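# A closer look at the structure
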Amino acid sequence: MLPVLGRTPRRPPRRRALPLVLLCLLLLCLLLLCVPLAGCGSGSGSPSGSGSGAPSASADPAEREVRRAVAAWSAAPPAALAAIPLEGWSYEVSTVRVEGVRAFARAELRYRLTGYDAAPAGSAREVELARDGGAWTVTADRPAPGALPQLWDQGPVSVERGAHALVLGGAGQSSGSLSAIAAEADRAVPAASAAWPRPWAGRVVVLVPGSLDAMAALLGRPADEYRGLGAVTTGRTGAGPAPADRVVVNPEGYGQLTAEGRQVILTHETTHVATRAATTSRTPLWLSEGFADWAAYRDSDRGPAEVAPALARAVRQGDLPGALPEAGAFAFGGDADALARAYEGSWLACRLIARRWGDAALVSLYEKSGRESLPTALAEALGTDPAALTRAWQQELTRQFR
């Protein structure tokens, strides 16, 4: 505070005794502050003061009992999931809502697939309990409002193991179809490793829901966005553990593919798993998708006209792309032919890079593009720029398809 200038300090005034009425009012206020507040227990839905899910000292008795009941119930995975290799299974309760003889606990499920997940996967859950004779019993466990379901929320789960793959099948999937997918995944892992000679887990988890609608529910998107697709990959991009990297198969689209088509799809998606740590928001989608297709077709005898029929037709009709595919061109649920041309053009761009500059240069470009701008990555890895690469790509399309 700035000093006040030009004033002479004065002696402080003498204190006067407080009037009796005012003194009584002050004593009454102090007594009121010491009275505990009521109405913050049952039905409040307030979180506890502990991040571990344990009840705080201020939690009411009903909330503490609910939390203890959830902890005891979730001490181990349900018997119905015994075939799934689960570890680190736990429910961390965040809030509790008590409504008479019913209670609802919001919790975060944590678990790992043994031998596959480097860090725990997470799932928001709502646990419902009922009180009978004074004890709380869990009566239901479901995804929390707005959260995505787990595969086992859709019914019984079947398990098939391969040398490099764990395949989890949803309700209605036969052991024969799951065994075939495990075998295809076992071939996809070495193919992805050959294309991406960088450290990665060398294992893949494949989920096979019971239907297209079940797949869409797992991913939280409309079923029409995945109609006609064979599979997609979920997971977190960037460096660090990727606990929930899963290849999710569309049983309808996958079942319509040839044996070669199924192998291409699984190798493509497995390559996304392999390159996950090097993939960031900077990585162009044409490079990410084109690299995955390049890995899938590396050992194929098929030529560009066979692998890229939609793009071949467009170029022959005079519709030569003016630029490498933009991110919006890969959106699901739109024009299927345009989507095909985006994937095919991306594959041909990566194929061109590998043939002209070498496989190692393509891998280096992928790594650098996740950390730097595309012009910088192209200059460092290939000694070229976006405009020159686009021209070379267009020339390659013209040479192949005209």
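Here is what the cut-offs are and how they apply
- Residues numbered from 1 in each chain as written.
- Predicted model: local features only at pLDDT ≥ 70, side-chain atom pairs only at ≥ 80, totals over all residues.
- Heavy atoms only, no water.
- Helix = DSSP H or I, 4+ residues; strand = E, 2+ residues; numbered from the N terminus.
- Buried < 20%, exposed > 50% of the residue type's maximum accessible area, 1.4 Å probe, protein only.
- Contact = heavy atoms within 4.5 Å.
- Areas by Shrake-Rupley, 256 points an atom, 1.4 Å probe, with all protein chains shown as cover.
- Axes fitted to C-alpha atoms, helices over the stretch in contact; angles between N-to-C directions.
- Parallel < 35°, antiparallel > 145°, perpendicular 65-115°, else oblique.
- Left-handed = near helix turned anticlockwise from the far one by under 90°.
- Nonpolar A, V, L, I, M, F, W, Y, C, P; charged D, E, K, R; others polar.
- Arc of directions from axis to C-beta.
- Salt bridge = Lys/Arg side-chain N within 4 Å of Asp/Glu carboxyl O.
- Pairing = 2+ DSSP bridges.
- Expected span 1.5 Å × (residues − 1).
- Right-handed = clockwise from strand over helix to strand, strands pointing away.
- pLDDT = per-residue confidence, 0-100.
- Phe/Tyr/Trp six-rings, centres within 6.5 Å; stacked < 30°, edge-to-face > 60°.
- Lys NZ or Arg CZ within 6 Å of the ring centre and 35° of its normal.

The secondary structure content of the protein amounts to 13 helices and nine strands. With 402 residues in all, the protein has 43% of them scored as buried. Nonlocal contacts in the protein, meaning residues at least 24 apart in sequence, comprise 61% of its contacts between residues at least 6 apart. Within the structure as shown, the protein displays about 20,800 Å² of accessible surface, and the carbon and sulfur contribution to it stands at 55%.

Let us look at the packing of helix H11 (residues 359-369) against helix H12 (residues 374-381). When two helices pack together, their arrangement is given by the angle between the helix axes and the distance between those axes. One can describe the packing of H11 onto H12 by two numbers: an axis separation of 9 Å at closest approach and a directional angle of 150°. Between H11 and H12, the crossing angle belongs to the class labelled roughly antiparallel. Note on packing geometry: the crossing formed by H11 with H12 is right-handed. Across from Ala-361, Ser-364, Leu-365, Lys-368 and Ser-369 in H11, the residues of H12 making contact are Ala-377, Leu-378, Glu-380 and Ala-381. Of the residues belonging to the contact of H11 with H12, the class tally is five nonpolar, two polar and two charged.

Quick look at H12 now. Regarding H12, the residues found buried are Ala-377, Leu-378 and Ala-381. Buried residues of H12 fall within an arc of 100° about the axis and therefore sit on the same side. Of the surrounding elements, those touching the buried residues of H12 are H11 and helix H13 (386-401). Looking one or two residues beyond H12, the residue adopting positive phi is Gly-383, at roughly 70°.

Glancing now at the side chain of Asp-293. Considering the arrangement of structural elements, one finds Asp-293 in helix H7 (residues 285-297). In this structure Asp-293 touches His-268, Tyr-343 and Trp-347, once residues within four positions along its chain are discounted.

On to the pattern of salt bridges, then. What the rule picks out here adds up to 22 salt bridges. In this structure, Glu-128 and Arg-102 form a salt bridge, with 2.9 Å as the shortest nitrogen-oxygen distance. Taken as a pair, Glu-128 in strand S3 (residues 121-132) and Arg-102 in strand S2 (residues 102-113) lie far apart in primary sequence, 26 residues in all. A salt bridge links Arg-341 to Asp-337; the shortest N-O distance between them is 2.6 Å.

Turning next to the pairing of strand S9 (residues 246-249). Judged by which residues are buried, S9 turns out to be covered on both faces: Arg-246 and Val-248 on one side and Val-247 and Val-249 on the other are all buried. Relative to S9, strand S7 (residues 204-208) runs parallel, the two sharing two bridges. By the bridge assignment for S9, Leu-207 is matched with Val-248. Here strand S8 (residues 231-234) pairs with S9 via four bridges, running antiparallel.

Turning our attention to the packing of helix H10 (residues 336-357) against H13. At a minimum axis distance of 10 Å, the contact between H10 and H13 shows a crossing angle of 105°. The angle between the axes of H10 and H13 places the two elements in the roughly perpendicular class. Between H10, through Gly-345, Leu-348, Ala-349, Arg-351, Leu-352, Ile-353, Arg-356 and Trp-357, and H13, the contact on the second element is made entirely by Leu-389, Ala-392, Trp-393, Glu-396, Leu-397, Gln-400 and Phe-401. Its residues placed into classes, the contact of H10 with H13 shows ten nonpolar, two polar and three charged.

The first and last C-alpha atoms of helix H3 (residues 175-195) sit 30 Å apart over 21 residues, in line with the 30 Å expected at 1.5 Å per residue. Looking only at H3, the buried set comprises Leu-178, Ile-181, Ala-182, Glu-184, Ala-185, Asp-186, Ala-188, Val-189, Ala-192 and Ala-195.

What follows concerns the sheet that holds S2. Spatially, the four strands line up as an open sheet ordered S1-S2-S3-S4, and their pairing is antiparallel. Edge positions in the sheet fall to strand S1 (86-99) and strand S4 (135-143), since each of these pairs with one other strand and no more. Neighbouring strand axes in the sheet, compared pairwise and without regard to direction, differ in orientation by 30° on average. Bridging between S3 and S4 involves eight bridges; their strand directions are antiparallel. In the sheet register, Val-127 faces S4, and the bridge partner there is Asp-141. Where helix H2 (residues 61-73) meets the sheet, it contacts S1, S2, S3 and S4, and its direction lies at approximately 160° from that of S1.

Turning next to the pairing of S7. Most of S7 is tucked away, with five of its five residues classed as buried. Of the two faces of S7, the one lined by Val-204, Val-206 and Val-208 and the one lined by Val-205 and Leu-207 are each fully buried. With five bridges joining them, strand S6 (residues 165-169) and S7 adopt parallel strand pairing. Residue pairing across strands places Ala-165 opposite Val-204, the latter belonging to S7. As for the winding sense of the linkage, the β-α-β connection from S6 through H3 to S7 is left-handed.

Glancing now at the confidence of the model for the protein. Here the protein averages 86 in pLDDT, and 83% of its residues register 70 or above. Note on residues 1-52: pLDDT under 50 across the span, and 25 contacts to partners over four residues away in sequence or across chains.

Glancing now at the packing of aromatic side chains. Counted under the stated rule, the structure contains twelve aromatic pairs. Their ring planes at 70° and their centres at 5.0 Å tell us that Trp-73 and Tyr-91 sit as a pair that is edge-to-face. Residue Trp-73 is located in helix H2, and its partner Tyr-91 is located in strand S1; the two are separated by 18 residues in the primary sequence. The partly exposed category is assigned to Trp-73, whose relative accessible area is 33%. Looking at Tyr-91, the relative accessible area reads 9%, which means it is buried. A connected cluster of aromatic rings, assembled from ring pairs, spans Trp-73, Trp-89, Tyr-91, Tyr-111 and Trp-152. Positioned above the aromatic ring of Tyr-116 is the side chain of Arg-203, whose terminal nitrogen or guanidinium carbon lies 5.8 Å from the ring centre.

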